[in-house]
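The primary structure of each chain is shown beneath.
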Amino acid sequence: MTETKVHFRKEEPEKSEAETLAFFVFEGEVPGAARGIDAKLGGEVKKHADSDKFKGKGLEVFVHHTLGKSSAKRVMLIGLGKKEEFFFDQLRRAAAIGAIYARDSTFKSAVFVLPNPSELKSDARSVARGIVEGALLGVYRYAEFKTEQKEIDELKEKELKEITIIASNGINEKEAEEGKRIGEILGRSANYTRDLANAPSNILTPRGLAEKAAELAKMHGLKNSSIVGKEACKKAGFGALMAVNSGSDQDPAMIVLEYSCGKKDAPTIAVVGKGINFDSGGISIKPSKGMELMKHDKSGASAVLGIMDAASHLKLDVNLIGIAACTENMPSGSAYKPGDVVKTYSGKTIEILNTDAEGRVILSDALALAASKKPDAIIDMATLTGAVVIALGSIVSGEMGNNKDLLKQIFEAGEKSGERTWELPMYADYNEHVKSTIADVKNVGIGEAGPISGAKLLEKFIEKVPWVHLDIAGTAYYEKEKPGFCLGATGYGVRIVIQTLMDWKELKKEKK
Ligand code: BES
Ligand code: ZN
Ligand code: ZN
């Protein structure tokens, strides 16, 4: 697929020579930005903005040809719904829907007119960023392995070559352009994460992910101290990663990348991801129905790479350590088994009661490694439990942690970025869930509050560093398409974590 280019320019809509000029419309209103062109078209925009074909309802699209009455060839109206019910993510979704509509109509480009930020109770930077982000996420698709020429040609025919954002008089141009730049980076990094997470496990192995990490490191000048291969991981003391890897013919990898902003006194944040390239369940094997979806069990690791990419492009003012524990979870004669006891990187032991609860096992090594580097905070992302999908669906991720201030910062970044979370409790009472009779902890809970049992195990390995765990099992991929997202990987994690880092505030001291 050729990349969709993104442009920004200052332009008055009524003078635009766009192939398709898109306006965002609240129900029953003509947007301020469209008044000029409406006058030129003799009130046509107003007429169409409230017709039987278009009402401005959320995510409705209507396109009409200007038949030479304006320099723009077509006008597209995209509904934002009722003004009083507007929430910011609706703008991203609307931009996505508009871009998809243009693409599927075989238009080659779309020009989005920046709405007046005050009409959205926002600012030019956020509005431009939101539109670009939404449009890039919207036109993403994953069709890597098509070989039939006819189908390839059809897909080629439906490619949006470029999107442009135009700011008319009265909109802060500098801010809007900056927003476009940030939106483009975030959209592309999230789509890069989606490519990794969507990749089948026979194509992208743990070693393959480590190679992708090496490419990133080279491109951005990151420090790469990844440990790759059975021997190297064993020697490094990653006993938990090795246990999960023991049933697989593929080498494991502990990816470790570091981004430095060049300031020693800047905060250092570690982002940690679960990288199970395929989760068969191992000896506690999963049912075959839906097992193919477990190629997505590397979504946390894929997000870590996307975050390192975005942070480097944005030159964020923080130091970042990206860690991803990667292996397949497979059954075989050499696989780890229920009843086994595993010695982790930290020295603590885990009793394995179910080999399908492997995410928390590999993360015990990754989190202990992260904690040993003494960062100011750790954020981990993992498709950890089916139970979080039961509890919260695919709308929000489960958010758990040990530091109120960090939990709040991440929750707020979720609201702002559109990648939302909801907090689950971590009372000490839940420690019972992971108590083992023969080892330090056990890897399954007591058959209730599954996401919390998982987080409780993880908590044992972070050594009191402020930490938040995001259970992204429901949000990392969609089994059906949603407004603005095709089926498959969503790239969840990149936007919420980057938002957290952009808005970073030193954590308040907490009594221990
Ligand atoms: N990768 C799965 C969790 C998962 C389930 C992700 C559905 C996405 C969609 C994880 O490794 C797993 O199998 N967890 C078990 C834990 C249980 C055995 C304690 C689960 O949720 O069933
Ligand atoms: Zn599993
Ligand atoms: Zn898993």
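Since the structure is predicted, the reported quantities are computational estimates derived from the model, not experimental observations. (Residues numbered from 1 in each chain as written. Chains lettered and ligands numbered in written order. Predicted model: local features only at pLDDT ≥ 70, side-chain atom pairs only at ≥ 80, totals over all residues. Heavy atoms only, no water.)

Some thoughts on the overall build of the protein chain
This is how the line gets drawn: Runs of H or I in DSSP of at least four residues are treated as helices and runs of E of at least two as strands, each being numbered from the N terminus. Radius of gyration here uses only the C-alpha atoms, and the compact-globule reference equals 2.2 Å multiplied by the residue count raised to the power 0.38. Any residue under 20% of the maximum accessible area for its type is buried, any over 50% is exposed, and the rest in between are partly exposed; the area is computed with a 1.4 Å probe on protein chains only. What makes two residues a contact is simply this: any of their non-hydrogen atoms within 4.5 Å.
When helices and strands are tallied, the protein chain shows 15 helices and 20 strands. The C-alpha atoms of the protein chain give a radius of gyration of 24 Å, which matches the 24 Å a tight globule of 512 residues would have. Based on the C-alpha atoms only, the size of the protein chain along its principal axes is roughly 80 × 55 × 45 Å. A total of 512 residues make up the protein chain; the buried ones form 58% of that total. Long-range pairs, those at least 24 residues apart, make up 77% of the contacts in the protein chain between residues at least 6 apart in sequence.

Quick word on the packing of helix α7 (residues 206-220) against helix α10 (residues 299-314)
As a reminder, the rule being used: Axis lines are fitted through C-alpha atoms, for helices just across the contact stretch, and the angle between N-to-C directions can take any value from 0 to 180 degrees. Angular relationships are summarised with four words: roughly parallel below 35 degrees, roughly antiparallel beyond 145, roughly perpendicular across 65 to 115, and oblique for the angles in between. Only Asp, Glu, Lys and Arg are considered charged in this grouping, and only Ala, Val, Leu, Ile, Met, Phe, Trp, Tyr, Cys and Pro are considered nonpolar; every other residue, Gly among them, is considered polar.
At a minimum axis distance of 10 Å, the contact between α7 and α10 shows a crossing angle of 5°. Considered as vectors, α7 and α10 are oriented roughly parallel to each other. Along the contact surface, α7 presents Leu209, Lys212, Ala213, Leu216, Met219 and His220, while α10 presents Ala301, Leu305, Met308, Asp309, Ser312 and His313. A per-class count over the contact of α7 with α10 returns 7 nonpolar, 3 polar and 2 charged.

A few points about the pattern of salt bridges
So the rule is basically this: Just to be clear on terms, a salt bridge is a Lys or Arg side-chain nitrogen sitting within 4 Å of an Asp or Glu carboxyl oxygen.
Under the defined criterion, the tally for this structure stands at 32 salt bridges. Across the pair arginine 207 and aspartate 251 runs a salt bridge whose closest N-O atoms are separated by 2.9 Å. One end of the pair, arginine 207, is in helix α7; the other, aspartate 251, is in the loop between α9 (239-245) and β9 (253-259), and 44 residues separate them in sequence. The class of arginine 207 is partly exposed, set by a relative accessible area of 36%. Several salt bridges share partner residues, and in doing so they unite Asp89, Arg92, Arg93, Arg129, Glu133, Glu419 and Arg495 into one network.

What to know about the coordination of the zinc ion (ligand 3)
What counts here: Note on donors: an N, O or S atom is included if it sits within 2.8 Å of the metal, or within 3.2 Å for Na, K and Ca, and water is never included, so sites can look incomplete. Geometry is assigned from the angles between donors: four donors with all angles from 85 to 135 degrees make a tetrahedral site, four or six donors whose opposite pairs exceed 155 degrees while the rest stay between 65 and 115 make square planar or octahedral sites respectively, and everything else is labelled irregular.
Surrounding the zinc ion (ligand 3) are the protein donor atoms Lys274 (NZ), Asp279 (OD), Asp297 (OD) and Glu358 (OE), at 2.0 to 2.4 Å. Around the zinc ion (ligand 3) sit 6 donor atoms, and with donor-metal-donor angles ranging over 78 to 172° the site reads as octahedral. Since its relative accessible area comes to 3%, aspartate 297 is described here as buried. Overall, glutamate 358 belongs to the buried group, its relative accessible area being 0%.

Let's talk about the coordination of the zinc ion (ligand 2)
Around the zinc ion (ligand 2), the protein contributes the donor atoms Asp279 (OD), Asp356 (O), Asp356 (OD) and Glu358 (OE), at 2.0 to 2.2 Å from the metal centre. Angles of 71 to 167° at the metal separate the 6 donor atoms of the zinc ion (ligand 2), which places the site in the irregular class. Written as a sequence motif, the donor residues of the zinc ion (ligand 2) are D-x76-D-x1-E. Here the zinc ion (ligand 2) and the zinc ion (ligand 3) are spaced 3.2 Å apart, and both take aspartate 279 as a donor.

A few points about the site of ligand 1
Condition: Consider each residue's heavy atoms; a residue with any of them within 4 Å of a molecule or strand counts as near. Think of a polar contact as two N or O atoms within 3.5 Å of one another; within protein, one of them needs to be a possible hydrogen donor and the other a possible acceptor, and neighboring residues in sequence only count if both atoms come from side chains. To measure how exposed things are, a 1.4 Å probe is used in the Shrake-Rupley method; for residues, cover is taken only from the protein chains shown.
If you check the shell around ligand 1, you find 16 residues, and the closest are Asp279, Lys286, Asp356, Glu358 and Gly386. Leucine 384 is positioned such that a nitrogen or oxygen atom in its backbone is 3.4 Å from a nitrogen atom of ligand 1. Taking glycine 386, its main chain carries an N or O atom lying 2.7 Å from an oxygen atom of ligand 1. Protein chains bury 78% of the 520 Å² of accessible surface belonging to ligand 1 in isolation. A per-class count over the shell around ligand 1 returns 5 nonpolar, 4 polar and 7 charged.

Here we look at the environment of glutamate 351
Inspection of the secondary structure puts glutamate 351 in strand β13 (residues 349-351). A sequence separation of 105 residues divides glutamate 351 from lysine 456, and the C-alpha atoms of the two residues are 14 Å apart. Side-chain polar atoms of glutamate 351 contact the side chain of serine 436, separated by 2.7 Å.

Regarding the side chain of lysine 456
Residue position: lysine 456 is located in helix α14 (residues 450-459). Of the polar contacts made by the side chain of lysine 456, one reaches the side chain of glutamate 459; its length is 2.9 Å.

Focus: the packing of aromatic side chains
Short version of the rule: Here a Phe, Tyr or Trp ring, Trp counted by its six-membered ring, pairs with any other such ring whose centre lies within 6.5 Å, and the pair is stacked when the planes are under 30 degrees apart, edge-to-face when over 60, and tilted otherwise.
Applying the stated rule across the entire model yields 7 aromatic pairs. Arranged with centres 5.6 Å apart and planes meeting at 90°, the rings of phenylalanine 26 and phenylalanine 86 form a pair that is edge-to-face. Of this pair, phenylalanine 26 sits in strand β2 (residues 20-26) while phenylalanine 86 sits in the loop between β4 (74-81) and α3 (89-104), placing them 60 residues apart in sequence. For the pair phenylalanine 26 and phenylalanine 86, one class covers both residues: buried. Taking 6.2 Å as the distance between ring centres and 75° as the angle between the ring planes, the aromatic pair formed by tyrosine 142 and phenylalanine 145 counts as edge-to-face.

Observations regarding the environment of asparagine 431
Structurally, the position occupied by asparagine 431 is in the loop between β16 (421-423) and β17 (441-442). Residues asparagine 431 and threonine 349, 82 residues apart in the sequence, show an inter-C-alpha distance of 16 Å. With near-sequence residues (within four places) excluded, asparagine 431 lies in contact with Lys456, Glu459 and Lys460.

A short note on helix α13 (residues 404-417)
Cut-off, in case you're wondering: Here, expected helix span is obtained from the residue count minus one, scaled by 1.5 Å.
In this model α13 runs 20 Å from its N-terminal to its C-terminal C-alpha over 14 residues, within 8% of the 20 Å that 1.5 Å per residue would give. Those residues of α13 that fall on the buried side of the exposure criterion are Asp405, Leu406, Leu407, Gln409, Ile410, Ala413, Gly414 and Ser417. With a side-chain oxygen positioned 3.1 Å from the backbone nitrogen of aspartate 405, the residue opening α13 is asparagine 403. Following α13 by one or two positions, glycine 418 adopts a phi angle in the positive range, close to 90°.

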